[in-house]
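# Structural features, examined
The chain contents come next:
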Amino acid sequence: MPQLISFTDKGLYCESGKFYIDPWKPVESAVITHGHSDHARFGNKYYLCHRFTKPILQLRLGDNNYQTTEWNETINMNGVKVSFHPAGHIIGSSQIRLEYKNEVWVVSGDYKTEDDGISGKFEPIKCNVFITESTFGLPIYKWKPQQEIYNNIINWISKNKENGKASILVTYSLGKAQRVLQAIKETTQTIFAHGAIYNMQQTLIDAGFDLKPVVRITPETPKELLKETVVVAPPGAEGTSWMKKFHPYSIGVCSGWMQVRGNARRRNVDAGFALSDHVDWNSLLQTVKATGAEKVFVTHGFQAAFSRYLNEKNIAEAAEVKTQFGDEDEEINSPLEIKPEEKESE
Amino acid sequence: MNEEPKIPQQEKSSEFITSSGLELFANLVSELSASTKTNEKIQSLVDYFAIAPDADKVWVIAIFSGRRPRRAVNSRLMREWCTEMVNIPEWLFNECYHTVGDLSETLALLLPDVKNENQKTESLSYYLEKFISIEKEDENIKKKFIVDSWQQMNKNERFVFNKFITGSFRIGVSQKTIVNALAKVVELSPSVIAHRISGNWDPVATTFQELLSETASLSDFSKPYPFYLAYAIDGEVEDLGDINEWQAEWKWDGIRGQIIKRNNELFVWSRGEELMTDKFPEYFILKDLLPDGVVLDGEIIPAEQGKPLRFSVLQTRIGRKNISKKQLQEAPISFFVYDLLEYHYEDWCEKPLTERRKKLEEIITPIKNNAIQISEIIHSNSWNELADLRKKSREMNSEGIMLKRKNSDYKVGRKRGDWWKWKIDPLTIDCVMVYAQKGSGRRSNLYTDYTFAVKDGDKLVTFTKAYSGLTDKEFGQIDNFVKRNSIEKFGSVRTVKPELVFEIAFEGIAASNRHKSGVALRFPRMSRWRKDKTVEDINTMDDLQEMLKMYGK
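Residues numbered from 1 in each chain as written. Chains lettered and ligands numbered in written order. Predicted model: local features only at pLDDT ≥ 70, side-chain atom pairs only at ≥ 80, totals over all residues.

When you go through chain A residue by residue, the secondary structure sums to 7 helices and 19 strands. Here the C-alpha atoms of chain A give a radius of gyration of 20 Å, agreeing with the 20 Å that 2.2 N^0.38 yields for 346 residues. Looking at chain A as a whole, 53% of its 346 residues are labelled buried. Excluding contacts between residues fewer than 6 apart, the proportion of contacts in chain A whose partners are at least 24 apart in sequence is 58%. (Helix = DSSP H or I, 4+ residues; strand = E, 2+ residues; numbered from the N terminus. Rg over C-alpha atoms; globule rule 2.2 N^0.38 Å. Buried ≥ 20, exposed ≤ 12 C-beta atoms within 10 Å, placed from the backbone. Contact = placed C-beta atoms within 7 Å.)

Take a look at the structure:
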C-alpha cells in the first residue's frame, strides 16, 4: 500500500483522497494550510482552506472555487477524513490532519507554538506520521517571550521620537504586520503604512477581524504629517526612494533571522527584532514529541540537521523531504530577497 | 594650546548607573554594530567614555588599538565546554557555526540563558585581567572560570566576552574613530591622542589619566597633512592636453603613507590616518637620515634592492603587532616617496609640483638606503609612447600610471583635475561556479564564497575562488540558486549545478603548484554575472595557459 501522503513533483499528494496539500503546480484539488504565497498558489481548480484564509486568498489569487471549513470540523474526501487545526503561524493558518484506515498523518504547514492572540492557539495533534517545517531548526534559534520583544520595539519607537526620528518597522505584509500592529496599537495613535501592508490589513478588517486600522501613505501624504511617526513597510520598500519621505528615520526589522547579527548588519538596519512566526528549536522538539509520531518528515528549513538529530536521539524515525515551500515564504527566504508582490510602490 | 587632557569628572550620576562594566561595553558593541554612520559611532563611544569605569576605558583603548591579552583559552576547548553544557552533538555545533559564521556568536547563542536576572557581571577590566592571570593555569581552572562566567552573563555579554578570548574583534570601528571620540572626550586634537595611544604601554599598569597625559609636553609634532587623492581617468589621456605639462610615475600598489620628521622624532601615517610608526622598523633609520621639519608623501611597499615586490608580501605583515625577524627578511619594506609637503617646518603644499619635486630629489638622492627611494618619473615624448610604457605596468608590479600636472599644488582630499590614475585594465576570464560556501560576518548564512571552473575538454577544472564584486541583491539571488541547485554537501561546502557564468577580473596570473589548474590569480573578483552566457560559452584551460604565458612571471 502506498503511503497516505506521497511526495510528488507537484507537491504533497494524498492518493486515496485525491487531493494535494499546498501544491506548487496547478492541480484539480488543493487543500491549503495558509495564505503565504509559497503555500497557496495560482491555478488550482478547487481550494479547501480555513474560513479565515479565504479573504487572503481572494486578495492574492482573485476569485476561485474556494470552499472553507472551521477548525476541528471533519470533511470526508473520497474516504479520507480531513480536518483543520490551528497552526498559530498567521491568521487562518492550519495544520491538516488526515485519517485513513486507522492511520493519522498531520501536515504542519508553517507553525508557531506561542499564542500571538490573532493566529489561533497551536495544539499538537496526536498522529502516526508528522510532516513538519524546520525554518528555524537549529539550536541557535531560541525566541524570547514575545512580550519582551514587543517592549523592545515600543522602547525603540519612543527613543526614536525623542531623537526626532520616524520609526520604520519592516515586516511582511501578511502575518508579521498584523502581529506587530496589535503589539504597538496601545502605545501609538496613528500608524502609517505602505500600500502592501494597508491592503492586507484592510482586507482582514473588512473580513471582520478586530485589527488596528492603518493610514495608507500616498504620494499626496504631506511630509510634515509623517514626522516622528510609526510607519510599517514591507521588505521590498527597504532602501527605495519611497523611504525618503520619512527622513530622518530609523529602520527596525522584525524577523527571526535577526537572531544572528550578520543578518542585521548585512541589511544595514538600525535595529533588528528577532520576532518570528515560526517555531524555534526547542518548540520544534517539544512539538514532535507531543505528537507522538513514530515517523517524521522534515520539510523546508534546516531539514538535514533537524532530521539527523531526531534520528540520533531516537526521538522519531525522521527523513528530509524536498519541497518548494520556503522559496517565497516570508521567512525562509534569504534575508536579502525581495518578494515581487511586495514591491508594489504605493 | 592647552595640551593637558581634560579628564571628565565621574559624574555623581554614575551612582545611578546600575549596569556592570561588561554590560556597558556589551551595549556599546551592540550600538556600534547597529549604526552605519561614523558620527553616530563616535557619539556612542563618547557616551561610553563618559560613564565607563576608568580601568575599562583603558582596556577599550588597548583593544581597539591592537593590544589584547594573549589568548588564555583555545577555541577548541570553548567549543567542547559549550557542547557539553548544551548537550548537543559536535556536528550540530558545527552546523550552527556555519550558519552563524562567527564562533563567539555561535557560543553566545547556544549557551543557556541566565537563570537569575539579578546576577551582576563584573567590570571589563576584571575579566581581561583574569584572562592574563589564568593564562598559565591548567585546564580545569580555566574551564571553571569560563563556564562560571558564561552562566552569569546575558547573550550580548557572552558575545563580547568570547570575542576577547578568540581575538577577532571587528565591529566597524577603526582606530581613527576611537581617536576622534577620545579627542572629543578629553578635548585634545586627534593627532595628539593618536600619538599618545601608540607605542608601548601596558593596559594593566596604565591609568586613563596617565595614558592621555603621558607625553603631554609634546605638542602636535606628529600631525600629518590631509592626503591628496586622485580620480581614475575617465576619458582619453589625449584630452589632458600637452604631455609636457604632465609628470608621469608608476602607480605603486602599497599603502599610501606620510613620513614625518619633526622635533627629531619620526612618525609614519597611513592614508587611513592611522599612526603606524611601530609597524615599520625599517624606517627608524630615517630619523637619522632625514633633515628635521620634513613631511614626505609616498607609498609603503615591499621592495628588494629598490624593486617593488607584490602587495601580497606586505599583507603578511600588516595587522601584526610584533614583527618577527623572519617577516622582516621575507617582507622588507621601503618607502617610495613622490612628494614633499613640508620642508624646514614650512608648508610646501601650495608650491608647484616641479618645485616640490626638485627639492625632494635634493633631499632623497644623497640618502643611499634601502628604506627610502624616489618614485621615478617616467619620461616619454607622446601619449602613445607613454601608453606603450604603461603596458609594462604588470612587469613593474605596478597598477598603471599616475599623471600629475607639473604646475599643480598639493590639494586636500579627492579632487579632479591635476592628479589622475591611469590604471591598466584587469585581465578577465569567463567561468562557471561549481562550489559555494557560506560567508562570515555580514554574510553569514548566505552562500557568498564561490569556486569557479574553466573547461578542459569536457571536464571542468577549478582554478580560483572569489567573494566580491556583486551587489547584495545579486548575492541574494545566487544564494537562492545555490540552495535549490546543490548536488552534494561537504561540510559547509556545496557542489552546485554548473550553470551560473561569471566574468572574473584579476590583476595578475602566476604559475602555482598549489592549485589543480596550475595557476594562481591575483585579486580575483566577480566583475560581471554573465546571465547572457551558458556553461558552453566559458573559457578553457588553454585560454588560461595562454594568459599565463603572456602575463605570468
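Below, the discussion takes up the overall build of chain B. On a plain count of helices and strands, chain B comes out with 19 helices and 23 strands. Compactness check: chain B gives a C-alpha radius of gyration of 27 Å against a globular reference of 24 Å for 553 residues, within 12% of the reference. When the backbone C-alpha atoms are referred to their principal axes, chain B occupies close to 80 × 70 × 40 Å. Look at the contacts in chain B between residues 6 or more apart in sequence, and 73% of them connect residues 24 or more apart.

As a further point, take the sheet that holds strand β14 (residues 419-423) of chain B. All names here are of chain B. Ordered by their spatial adjacency, 5 strands build an open sheet running β2-β14-β12-β3-β11, and the pairing between neighbours is mixed. With one partner strand each, in any of the chains shown, β2 (231-232) and β11 (377-378) form the two edges of the open sheet. In this sheet, strand β12 (residues 398-405) lies alongside strand β3 (residues 246-252) in antiparallel orientation, the contact comprising 6 bridges. Among the inter-strand pairings, Gln247 is bridged to a residue of β12, identified as Lys404. The strands touched by helix α17 (residues 383-390) are β3, β11, β12 and β14; relative to β12, the strand with the most contacts, the crossing angle is about 150 degrees. (Pairing = 2+ DSSP bridges. Axes fitted to C-alpha atoms, helices over the stretch in contact; angles between N-to-C directions.)

Opposite the 28 residues of chain B that make contact, chain A presents 18 residues. Elements with a contribution of two residues or more to the side of chain B that touches chain A: α1 (21-34), α5 (90-100), α6 (103-110) and α18 (472-484) of chain B. Of the residues forming the side of chain B that touches chain A, the biggest block, 6 residues, is contributed by α18(B).

Moving on, we come to the pairing of strand β20 (residues 501-506) of chain B. Residues and elements named next belong to chain B. When strand β15 (residues 427-438) meets β20, the two strands line up antiparallel, connected through 6 bridges. For Thr428, the partnering residue across the bridge sits in β20 and is Ala505. Here β20 runs beside strand β23 (residues 525-529); their pairing, made up of 4 bridges, is antiparallel. Residue Glu503 lies in a different strand from β23, and its bridge partner there is Arg528.

A few words now on the pairing of β12(B). Looking along a regular strand, one sees the side chains alternate between the two faces of the sheet. All names here are of chain B. In terms of residue burial, β12 counts as a mostly covered element, since 6 of its 8 residues are buried. Bridge count between β12 and β14: 5 bridges; the pairing is antiparallel. Along β14, the bridge assignment pairs Leu403 with Trp420.

Once that is clear, we can look at the sheet that holds strand β8 (residues 80-86) of chain A. Either a parallel or an antiparallel arrangement is found when strands of a sheet pair, and the pairing is made through backbone hydrogen bonds. Residue and element names in this part refer to chain A. Pairing is mixed in the open sheet, where 7 strands are placed in the order β7-β8-β9-β10-β11-β18-β19. At either margin of the open sheet sits one strand with a lone partner, and together these are β7 (74-77) and β19 (317-320). Each neighbouring strand pair of the sheet contributes to a mean axis angle of 25 degrees, computed without reference to strand direction. Inspection of the sheet shows strand β18 (residues 295-301) paired to β19 by 4 bridges, in the parallel sense. Its bridge partner being in β19, Val298 is matched across the sheet by Glu320. In this fold helix α6 (residues 281-291) packs onto β10 (103-107), β11 (129-134) and β18, with an angle of close to 170 degrees to the strand it touches most, β11.

Further remarks concern the nonpolar core. The nonpolar side chains of a soluble globular protein tend to be buried with one another. Of all hydrophobic cores here, the largest spans 196 residues; its most connected members are Ile168(A), Ala193(A), Ile197(A), Val231(A), Val232(A), Val296(A) and Phe25(B). No other element matches helix α3 (residues 54-64) of chain B, which puts 8 residues into this core. Beyond its immediate chain neighbours, meaning those up to four positions away, Phe25(B) contacts Asp56(B), Val60(B), Leu124(B) and Val160(B). (Core = buried A, V, L, I, M, F, W, Y, C linked by C-beta atoms within 7 Å.)

It is worth spelling out the confidence of the model for chain A at this point. Across chain A, the average pLDDT comes to 90, with 94% of residues at or above 70. In the model, residues 328-346 of chain A has pLDDT below 50 throughout and makes 53 contacts with residues more than four positions away in sequence or in other chains. (pLDDT = per-residue confidence, 0-100.)

In this section: the environment of Lys533(B). Residue and element names in this part refer to chain B. Residue position: Lys533 is located in the loop between β23 and α19 (541-551). Sequence-wise, Lys533 and Cys431 are 102 residues apart; in three dimensions their C-alpha atoms are separated by 9.7 Å. Beyond its immediate chain neighbours, meaning those up to four positions away, Lys533 contacts Asp430 and Val501.

Residue and element names in this part refer to chain A. In this chain, His247 is followed by Pro248 through a cis amide linkage whose omega measures -5 degrees. By the element assignment, Pro248 lies in the loop between β15 (230-233) and β16 (249-254). At Glu228, a residue that is not glycine, the phi angle is positive and equals roughly 60 degrees. Here Glu228 is to be found in the loop between β14 (215-216) and β15. Classification of Glu228 by C-beta neighbours within 10 Å gives partly exposed; the count is 16.

All names here are of chain B. Where α3 contacts helix α7 (residues 124-134), the two axes come as close as 8 Å, and the packing angle between them is 60 degrees. It follows that α3 is oblique to α7 by the angle criterion. Where α3 abuts α7, its residues Ala55, Asp56 and Trp59 lie against Leu124, Ser125 and Leu128. Among the residues forming the contact of α3 with α7, the class breakdown is 4 nonpolar, 1 polar and 1 charged. (Parallel < 35°, antiparallel > 145°, perpendicular 65-115°, else oblique. Nonpolar A, V, L, I, M, F, W, Y, C, P; charged D, E, K, R; others polar.)

Let's shift gears to helix α1 (residues 54-61) of chain A. Note: α-helices contain 3.6 residues per turn, so residues at a spacing of three or four share the same orientation. Residue and element names in this part refer to chain A. Taken residue by residue, α1 has Pro55, Ile56 and Leu57 as its buried positions. Its buried side turned inward, α1 meets β5 (46-50), β6 (66-69) and α4 (195-206). Directly beyond the C-terminal end of α1, a positive phi value near 80 degrees is found at Gly62.

The next thing to look at is the environment of Ser255(A). You can see Ser255(A) is positioned in the loop between β16 and α5 (261-266). The spatial distance from the C-alpha of Ser255(A) to the C-alpha of Tyr100(A) is 38 Å, given a sequence separation of 155 residues.

Let us now look at the confidence of the model for chain B. For chain B, per-residue confidence averages 86 on the pLDDT scale, and 92% of positions sit at 70 or higher. Both scores are available for the predicted complex, with the pTM at 0.73 and the ipTM at 0.91.

Among the secondary structure elements, Ile140(A) is positioned in the loop between β11 and α2 (146-162). Residues Ile140(A) and Gln259(A), 119 residues apart in the sequence, show an inter-C-alpha distance of 8.2 Å. Excluding anything up to four places from it in sequence, Ile140(A) contacts Gln259(A), Cys96(B), Thr99(B), Val100(B), Thr106(B), Leu109(B) and Leu110(B).

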